[in-house]
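The residues making up each chain are set out below.
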Amino acid sequence: MKKRLFLFSLILQLLFLSGCWDYKELDDESIVTGMAIDYMDGYYHVTFDIADTQSAGKDKTTKSKFIESDGKTVFDAVRNAINQYDRRLYFGDCSILVISKTVAESGIAPATDLMTRDAEARITTLPIISDQETAKAIIMQQGASNEISSYKIKNSLSAESRILSRVPMVTLYQANGMIASDGVSLALPLITLNEQQCAQLNGMAIFHKDKMIGTMRIEDSSTFMYIKNKVKTGLFLVSVNSENPNITLEIYQNSTKITPVIEQDRVTIKIETETTCALAENLSDVYYDTPEKWAELANTASGQLEHSIGELVRDVQKNNEGDIFGFGSEINAKYPDDWDRIKGDWDARFKDVTVEVHSQFKIINSALDKSRVKVGE
Amino acid sequence: MEQEKTKLSDRLDENIELMKILFHNDGTLRYRYIENRYRPLVKCCLFYIDGMIDNKLMNEDIIRPLLLYPFERKPASMIDDIANKITFSNNVEKTDDIEEIIRSVVYGDTVLFLDGSDVALIFNTKGWITRSISEPEGEKVLRGPREGFNEALLINLTMVRRRLRTQELKMEFQTFGTRSQTRACICYLGNLANPQILEELKKRLETIQIDGTLDVNYINEYIKDAPYSFFKTIGTTERPDIVAGKLLEGRIALFLDGTPEVLTLPFLFIENFQSDDDYYTNYYFSSIGRLLRIFSFSVSISVPAIYVALVAFHHELLPTDLTLSISVARSSIAAPTWLEAILMLLMFEILRETGLRAPNSIGQALSIVGALVIGQAAVEARLISAPMVIIVAFSGITGIMLMRMKGSIIILRFMFLFLASFIGIYGIIFGMMGLLIHLFNMRSFGIPFMNSSVADDFQDNKDTFVRAPWWYMIKRPKFMSQDPVRSASDGDPG
């Protein structure tokens, strides 16, 4: 019995030796919700969006507080922030990473290295590119004066990908994967400030490896999503007998298949999309009450999508932007030996690739009404 | 040093002298000197303790016949005649053992000394007042009988016997305590109880050497397995229907005079979560209740520890909104999280304990004071944070659900909190591992303590986490009894 007690007290001592390990109180740290990285005059200028928990109380919501600091490297800037703020920064809830265009054009991999490598920062952070002069303008948007700015941006991005599917939502680990792989190009959301100084989605930034080479408007980036098979839901606007769109189709499901065909050293890419949708809004004067009319509408829609996709690919080829659609990885999947041969100068060869698009729309219902609101005689 | 066994003499006045010396300074000992009306040579003296006898019984059934019997001539054995023919008592014993005489007199019997006989008679005249039968406070049920044991051994035994009307119900009497001479009874069903367990129990009971066993817990601590563990390996109950149920499962019950609690052994861990009205209410409802109790046990011991571990060590495990709200709640609180937790838990335990012992009038005010004033005011004074109040209240309330295990729950709660404060979730994991190793190593009278707490045999689990309908429970727990088949139906309700 005495021996047992002695042994037990020895083991208990071990507990005290650990010295409370890494006990950190939650309110001793400041929670960083977003980061903006700029590069000026040889210094990384980092802006931190911190949740201001000290001045928040029962009745007030938590607001953002901004801290800017400079450093030779990003981590240096992080540590220098202590000069202004007495608490250590906690990155576990950092949800977005805004990168200015300048930094993106010289490569985002160095800027995002800290977030990827550090254990505390999550790799599900969303990197986004700022369409303004600086990244900090985006994160310090005025439109979010009563809430946390970064969460607002993040929520709008995730709502975008859930509801509209016009712009891809790419997390940091996905971005790293895309940068690292051969045949896929990175595309990140592009955010700008609108007239009310609120952050707003403005399209897409396209990359070659990790350097930004251009941007794409929202209309084009919607088409881009079709090609990349990332459309989950959203709207498709069709113009019937008019210049402007007058039919709104709500998309339930879309699947895109990309089939490369290599014949005698010529590469042809076949893009096939199949979209299931419903007639959601009819602004035209056509009554869709017969199956033929439905078929006609489906054909019109298919034609327009094929046209959009084709146009986009041709534009990209013309601007020498290289293969941003990721056709290379499809070729790798189907013709691995040929890919090994051509991957060296794939981006140059991309100009001469023929693209065949075939779309099919299936309109399955038209909500509650067979045709449109009847206008009396 | 062996004492010479005091012998009774056959002279009445010497016996009277002996009794007076033995009970010197005891003012409640009375004696009644009787001379028969017809034969004045028939002289006897009755000794009894005032307050412990039934006066009417003694007067009418013992004194009256002795006074009025028309003795004619001297019979061969006067004492035998008095015992067999004259007195109207349903329980007469002849003895010359002075120890037995003393024991009987102090228990409420009357002893009769006859002039000319060196043998005394002991009559059963017990008439002390016992508490009336009421529902036990600690084991209340929604449905079911509301009888509870009281402090008289024989009454408790009858309550059980009424439920098991078989001659297989064995009751073996024993006495414990050299000064208290408390009577105890081992009770079991002869054709169901495991004879090896019975053997072991008797062996352990023989080792008890104590001068007074005032409560059955004294015996409990002597005979239980794992005496240093804070889990019970012998169950206690105050309800006769539970005892009857356990006897039918092949367990053994131990009654002690003066205690309304009865020991049942062997006792398994899962029995902590079984309540009596599980069997008297609908099986869905009782299954939910049982699962709720098991859940409450695990939650009650680990919630404060997990909270401290998450908030102080593993911030990355918290969802963002929770991180923000806890951070807001904890800003400018004086105490670190572990200290907050310990203080609040202590406060809760103090309130609970005080509420238990305070008289009713103060107890009401105390609960209001405790809840509103201390909790609320402390939060507003920024001594503790609001989430901590919730955590502690939750942990405390789920702990109270299992009153039988309250000792172990309190200790385990503090132990896990202590471990978590040092090394976060690792502490909790190691604590859990240690606890499980300890639990699985324990045995209760040879039966593994955690038997049927894990799902290995379907039959054994019909009564553990859920309560299966009666038509399903066709077997008794394997380990304990001799006869495994409980009922004849084979899982068919029809």
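Residues numbered from 1 in each chain as written. Chains lettered and ligands numbered in written order. Predicted model: local features only at pLDDT ≥ 70, side-chain atom pairs only at ≥ 80, totals over all residues. Heavy atoms only, no water.

Student: Explain the UniProt feature "domain: Spore germination GerAC-like C-terminal" (unreviewed entry) in chain A here, please?
Tutor: Per the UniProt entry, the sites bearing "domain: Spore germination GerAC-like C-terminal" (unreviewed entry) are residues 202-366 of chain A in this numbering. Across residues 202-366 of chain A, the secondary structure splits into 35% helix and 39% strand, with the terminal C-alpha atoms separated by 31 Å. (UniProt positions renumbered as here; feature names shortened; annotations may be inferred. Helix = DSSP H or I, 4+ residues; strand = E, 2+ residues; numbered from the N terminus.)

Student: Can you walk me through the side chain of B:Thr110 in this structure?
Tutor: Among the structural elements, B:Thr110 can be located in strand E4 (residues 110-114). Sequence-distant contacts of B:Thr110, defined by excluding residues within four places in its chain, comprise B:Leu46, B:Phe47, B:Tyr48, B:Ile53, B:Met58, B:Leu121, B:Ile122, B:Phe123 and B:Thr125. (Contact = heavy atoms within 4.5 Å.)

Student: Is there a simple way to think about the sheet that holds strand E9 (residues 252-256) of chain B in this case?
Tutor: Within a sheet, each strand pairs with its neighbour through backbone hydrogen bonds, oriented either parallel or antiparallel. Residues and elements named next belong to chain B. Taken in spatial order, the five strands make up an open sheet running E6-E7-E9-E10-E8, and their pairing is antiparallel. Edge positions in the open sheet fall to strand E6 (169-176) and strand E8 (235-237), since each of these has one partner strand only. Going across the sheet, the axis of each strand differs from the next one's by a mean of 25 degrees, ignoring polarity. Contacting E6, E8, E9 and strand E10 (262-265), helix H7 (residues 216-223) runs over the sheet at an angle of about 135 degrees to E9. (Pairing = 2+ DSSP bridges. Axes fitted to C-alpha atoms, helices over the stretch in contact; angles between N-to-C directions.)

Student: Could you clarify how one ought to interpret the packing of helix H1 (residues 12-22) of chain B against helix H4 (residues 98-107) of chain B in this entry?
Tutor: Helix-helix packing: each pair is described by the crossing angle between the helix axes and the interaxial distance. Residue and element names in this part refer to chain B. Look at H1 against H4: their axes get within 12 Å of each other, and the N-to-C directions meet at 60 degrees. Classed by the angle they form, the pair H1 and H4 counts as oblique. The hand of the H1/H4 crossing is right-handed. Across from Leu 18, Met 19 and Leu 22 in H1, the residues of H4 making contact are Ile 98, Ile 101, Ile 102 and Val 105. Tallied by class, the residues present in the contact of H1 with H4 amount to seven nonpolar, no polar and no charged. (Parallel < 35°, antiparallel > 145°, perpendicular 65-115°, else oblique. Left-handed = near helix turned anticlockwise from the far one by under 90°. Nonpolar A, V, L, I, M, F, W, Y, C, P; charged D, E, K, R; others polar.)

Student: Please clarify how the sheet that holds strand E12 (residues 266-282) of chain A should be interpreted in this entry.
Tutor: Residue and element names in this part refer to chain A. Strands sit in the order E10-E11-E12-E13 across an open sheet of four strands; the sheet is mixed. The sheet is open, and its two borders are formed by strand E10 (234-238) and strand E13 (354-365), each paired with just one other strand. This sheet shows a mean twist of 40 degrees between the axes of neighbouring strands, independent of strand direction. In terms of strand pairing, E10 meets strand E11 (residues 247-263) through five bridges, oriented antiparallel. Looking at E11, one finds that Phe 236 is bridged to Leu 249. Strand contacts of helix H10 (residues 327-334): E11 and E12, with the helix running at about 55 degrees to E11, the strand carrying the most contacts.

Student: Looking at this structure, I do not really get the nonpolar core. What am I missing?
Tutor: Taken as a class, soluble globular proteins show a tendency for nonpolar side chains to be buried jointly. All names here are of chain A. Ranked by size, the top nonpolar core spans 46 residues in total, and within it Leu 249 and Phe 325 carry the most contacts. With nine residues, the single largest contributor to this core is helix H9 (residues 291-318). If you count residues domain by domain, this core takes at least three from each of domain 1 (26-216) and domain 2 (217-372). With residues near it in sequence (within four places) discarded, Phe 325 still touches Phe 224, Ile 227, Lys 228, Leu 312, Val 313, Val 316 and Phe 350. (Core = buried A, V, L, I, M, F, W, Y, C linked by side-chain atoms within 4.5 Å. Buried < 20%, exposed > 50% of the residue type's maximum accessible area, 1.4 Å probe, protein only. Domains from an automatic or database assignment.)

Student: What is the right way to read helix H5 (residues 153-163) of chain B from this model?
Tutor: An α-helix turns once per 3.6 residues; consequently, residues spaced three or four apart project the same way. Residues and elements named next belong to chain B. Residues Leu 153, Asn 156, Leu 157, Met 159 and Val 160 constitute the buried set of H5. An end-on view of H5 places all buried positions within 155 degrees of arc, on one side of the element. Looking at the buried positions of H5, the neighbouring elements they touch are E6, strand E7 (182-189), helix H8 (240-248) and E9. (Arc of directions from axis to C-beta.)

Student: When you look at the domain arrangement of chain B in this model, what are you seeing that I'm missing?
Tutor: A common way to report how large an interface is uses the accessible area buried once the components associate. Per the domain assignment, the segments of chain B are domain 1 (3-123), domain 2 (153-267) and domain 3 (292-444). Each of domain 1 of chain B and domain 2 of chain B has a C-alpha centre, and the two are 34 Å apart.

Student: Which parts of the structure should I look at to understand the pattern of salt bridges?
Tutor: It is possible for side chains of opposite charge to pair when their charged atoms get near one another. With the rule as written, the count across this model stands at 40 salt bridges over all chains. With a closest N to O distance of 3.1 Å, A:Glu219 and A:Arg217 form a salt bridge. Each of B:Glu349, B:Arg352, B:Glu353, B:Arg357 and B:Arg413 takes part in salt bridges that share partners, so that together they form one network. (Salt bridge = Lys/Arg side-chain N within 4 Å of Asp/Glu carboxyl O.)

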